[in-house]
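Chain by chain, the residues run as shown.
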Amino acid sequence: MKTKKNILFGLYDDEQDLLKAVKVSNERGLKIMDVYSPFPIHGLDPLLGLKESRLHIAGFIFGTLGALTGFLFMSWVFKIDWPNVFGGKPLWPIPAFIPVTFELTVLFAGVGMVVTYFIINGLSMKAETEVLHDRISDDKFCIAFDVTGNASDNASTFESFLNETGATYVETKEMSDL
Amino acid sequence: MNQFTFEGKTKTMLLGGIVLGVVSMLLSYFMGGEIANTRFWSNFLHNSLFFLGIAFMAMFAMSVWITAWSGWFVMGKRVFEAISMFTGVGLLLMLIIAIGNYAGFHHLYHWNDLEAVAHDKVLQGKSPFLNRNSYMIFTVLFGGMWWWMTMKIRKDSVDEDKNGRFGDFKHMFRQRTWAAAFLAISGYTSAIVIWLWLMSVDAHWYSTLYAWYVGASWWVTMIAFSILIIIYLKSKGGLPNLNEDVIHDLGKFLFGFSIFWTYLWFSQYMLIWYGNVGEETSYFWTRAHGYKFLFRLILVLNFPLPFLVLMKNSNKRKMGTLIFTSIVVIIGHWLDFFLMVKPGVRQTAEHLLHASGEHEAAGHEVVEHTIPFLSGFSLPGFLEIGTFIGFLSLFLYVVFASLAKADLEPSHDPFIEEAKHHHV
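Residues numbered from 1 in each chain as written. Chains lettered and ligands numbered in written order. Predicted model: local features only at pLDDT ≥ 70, side-chain atom pairs only at ≥ 80, totals over all residues.

A few points about the overall build of chain A
Just so we agree on the cut-off: Helix and strand assignments follow DSSP, with helices taken as H or I runs no shorter than four residues and strands as E runs no shorter than two, numbered in order from the N terminus. The burial label depends on the number of other C-beta atoms within 10 Å of a residue's C-beta. Counts of 20 or more mean buried, 12 or fewer mean exposed, and intermediate counts mean partly exposed, with C-beta atoms placed from the backbone.
Along chain A, the regular secondary structure elements total five helices and four strands. Listing every helix and strand of chain A by position from the N terminus yields β-α-β-α-α-α-β-α-β. By its C-alpha atoms, chain A is 80 × 35 × 25 Å across when sized along the principal axes. Classification of the 178 residues of chain A by burial places 17% in the buried group.

So this is what it looks like as structure tokens:
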């Protein structure tokens, strides 16, 4: 059971307003919990100090695994388990294995990355996610602060920051999922 | 620095390189030996084609990007324009070879040996296309067309700096028209001249994939050169507004098209290997047996190396890594062209030597089962490297001279702001 959090968030009409606001918050040293947007915003990641995703490392590992699986399996079948001559080719026809090896590399890397992503983010068919505001998946851009247990003047700093930087809607919500 | 000045040490160095190239070429011409003449001319063909293709691809790439409304490359546009300016010089070099077909300077092409064609059913069948006249006509006509359109775009682009105004799209639309026309034309014409210039050194052999394969090789090398030139200009303080993300994009191109080249290489190899038809396999049989080392080295340099080095996102943004990979890839594709040109030319030359010899028995269909080592053919010797440096210097000389003729930043291009703020 996750603990409940108090989230203070503001909605912006335009992603440029949001970018400016994030810059201001960085200058003032306000700690943003998260930013929500209907689409990826150019230049946001470095401002939030997000590190490069490590998902592609998983992709590389799964891809290597797929390449090895395909290549070694075919090698075992055609060279050791059931050696047969096809079209006068050698028993171990490496060029003929390459397309299949390639396909399995792509398959393993693709599926592996999706599965990794789902597991890391706790996504499953039964997962239910509370949403801060319906329109952050539509046309609003959101900055959220965690104000759980904060003194009320701290929350008001965040609130005045949101109002100053042009948020069109500000609300505090109790969330258990974020 | 918005104006690149081409003088001093760089100029002297490049001139020195050209002199070195000329000396190497003279040495290979007068070295003697029964095959020396062919060594000189095959080096000439190899390097002319290599650099002409790079220039052609710069124009092709610009046309693709202009037609696709892309803004990201605009800040480095002058670099691509400058590279494309070598097309004229490269065509002149190819013209020398085309004239040489008539004048008998060289024996690069088997189909040009009328004596041999008279006894050769296959070459007779191909002779409506593979002959001196079509070589000359297509070189002049298609090459001339490329050069003309390249000049049109270049002139218009330089004119835009002077006469362009903000909010005036006249120049852009004019360039788009030329670019679109060039795309439509160059696709077909490049394939035809590649068959003539390069594929016909193995006159009996053909592959429908070949033009793509050569084009991919040129494209990758062109991207590598543009990366190196842009980094060089930036180190001199030029192109201050060209940001890291543009170079990152070029790195992606280098990465992606290295894979594309390998895909084509493998597709060509795989189909021929699997089909196992004698007249098709001869191309790879020769290369895989007589040129074992190069055959493998090319694959390693042009695929696993750029693939593994540039795979990581951040590696495409590190200048040192990019410089290293670009140089490796340039060498790799130069060797690739070496291996496309030399074995075929060598066979033709040896065939001629045997044909002029005493016994002209039923020796036409003899397949040689060993290909002995021959310097300058099996592996590039010092003279080949010298010739390469010569052509490279000539190429860079033309590129830098063209760069110095215009502002580095195309200040009135409608996409200039987008390019300035390009972000990936």
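Details of the overall build of chain B
The following threshold applies: Only the C-alpha atoms count toward the radius of gyration. The rule for a globule is 2.2 Å times the residue count to the power 0.38. Contacts here follow a simple rule: the backbone-placed C-beta atoms of the two residues must lie within 7 Å.
When its secondary structure is counted, chain B shows 16 helices and zero strands. Here the C-alpha radius of gyration of chain B, 22 Å, is about what a compact globule of 424 residues would show, namely 22 Å. Residues counted as buried form 45% of the 424 residues belonging to chain B. Put simply, 83% of the contacts in chain B that link residues at least 6 apart link residues at least 24 apart.

Focus on the nonpolar core
To keep things clear, this is the line we draw: Residues of type Ala, Val, Leu, Ile, Met, Phe, Trp, Tyr and Cys that are buried and joined through C-beta atoms within 7 Å form what is called a nonpolar core.
Core analysis: the largest hydrophobic core is formed by 108 residues, its most contacted members being B:Ile54, B:Ile83, B:Ile223, B:Leu254 and B:Val399. At 17 residues, helix α2 (residues 36–67) of chain B tops the list of elements feeding residues into this core. Among all residues touching B:Leu254, those that are not within four sequence positions of it are B:Val220, B:Ile223, B:Ala224, B:Ile227, B:Pro306, B:Leu310, B:Thr325, B:Ser326 and B:Val329. A:Ile7, A:Phe9, A:Leu18 and A:Leu162 belong to the second largest nonpolar core, which has 19 residues in total.

Concerning helix α11 (residues 278–290) of chain B
Using the following cut-off: Each residue after the first adds 1.5 Å to the expected span of a helix. One axis is fitted to the seven residues ending at the residue and one to the seven starting there. The bend at that residue is the angle between these axes.
For α11(B), built from 13 residues, the straight-helix expectation of 18 Å at 1.5 Å per residue is met to within 8% by its first-to-last C-alpha distance of 17 Å. B:Phe284 marks the point of greatest bend in α11(B), at about 30°.

Brief notes about the sheet that holds strand β2 (residues 34–36) of chain A
All names here are of chain A. Heads up, the condition is: We treat two strands as partners when DSSP finds at least two bridges between them. Here an angle of 0 to 180 degrees is reported between the N-to-C directions of two axes, which are lines fitted to C-alpha atoms, with helices fitted over the stretch in contact.
Reading across from one edge, β2-β3-β1-β4 is the order of the four strands in this open sheet, with antiparallel pairing throughout. Taken across any chain shown, the strands that pair with only one partner, and hence form the sheet edges, are β2 and β4 (169–175). Averaged over all neighbouring strand pairs, the angle between strand axes comes to 25°, with direction disregarded. Pairing of strand β1 (residues 5–12) with β4, which is carried by seven bridges, proceeds in the antiparallel orientation. Note on β4: the bridge partner recorded for Leu 8 is Thr 172.

Brief notes about the confidence of the model for chain A
As a reminder, the rule being used: A residue's pLDDT is simply how confident the predictor is in it, with values from 0 to 100.
Counting all residues, the mean pLDDT for chain A is 88, and 96% of those residues have values of 70 or more. Across chain A, element-level confidence peaks in helix α4 (residues 94–120) of chain A with a mean pLDDT of 95 and bottoms out in helix α5 (residues 152–164) of chain A with 82.

Structural notes on the packing of helix α1 (residues 9–30) of chain B against helix α15 (residues 382–404) of chain B
Residues and elements named next belong to chain B. Short version of the rule: Take the far helix as your reference; a near helix turned counterclockwise from it by less than a right angle gives a left-handed crossing, and one turned clockwise gives a right-handed crossing. Residues are sorted three ways: Asp, Glu, Lys and Arg are charged, Ala, Val, Leu, Ile, Met, Phe, Trp, Tyr, Cys and Pro are nonpolar, and all the rest, Gly among them, are polar.
Two elements in contact, α1 and α15, have axes whose closest approach is 7 Å; the angle formed by their N-to-C orientations is 140°. With respect to the hand of their crossing, α1 and α15 are arranged in left-handed fashion. Residue-level contacts link Thr 10, Leu 14, Gly 17, Ile 18, Leu 20, Gly 21, Val 22, Val 23, Ser 24, Met 25, Leu 27 and Ser 28 of α1 to Leu 383, Gly 386, Thr 387, Ile 389, Gly 390, Phe 391, Leu 392, Ser 393, Leu 394, Leu 396, Tyr 397 and Phe 400 of α15. Its residues placed into classes, the contact of α1 with α15 shows 15 nonpolar, nine polar and no charged.

Points about the pairing of β1(A)
Residues and elements named next belong to chain A. The element β1 is largely enclosed, with a buried count of six among its eight residues. One ladder, built from six bridges, connects β1 with strand β3 (residues 141–146); its direction is antiparallel. Within β3, the residue paired with Ile 7 across the bridge is Asp 146.

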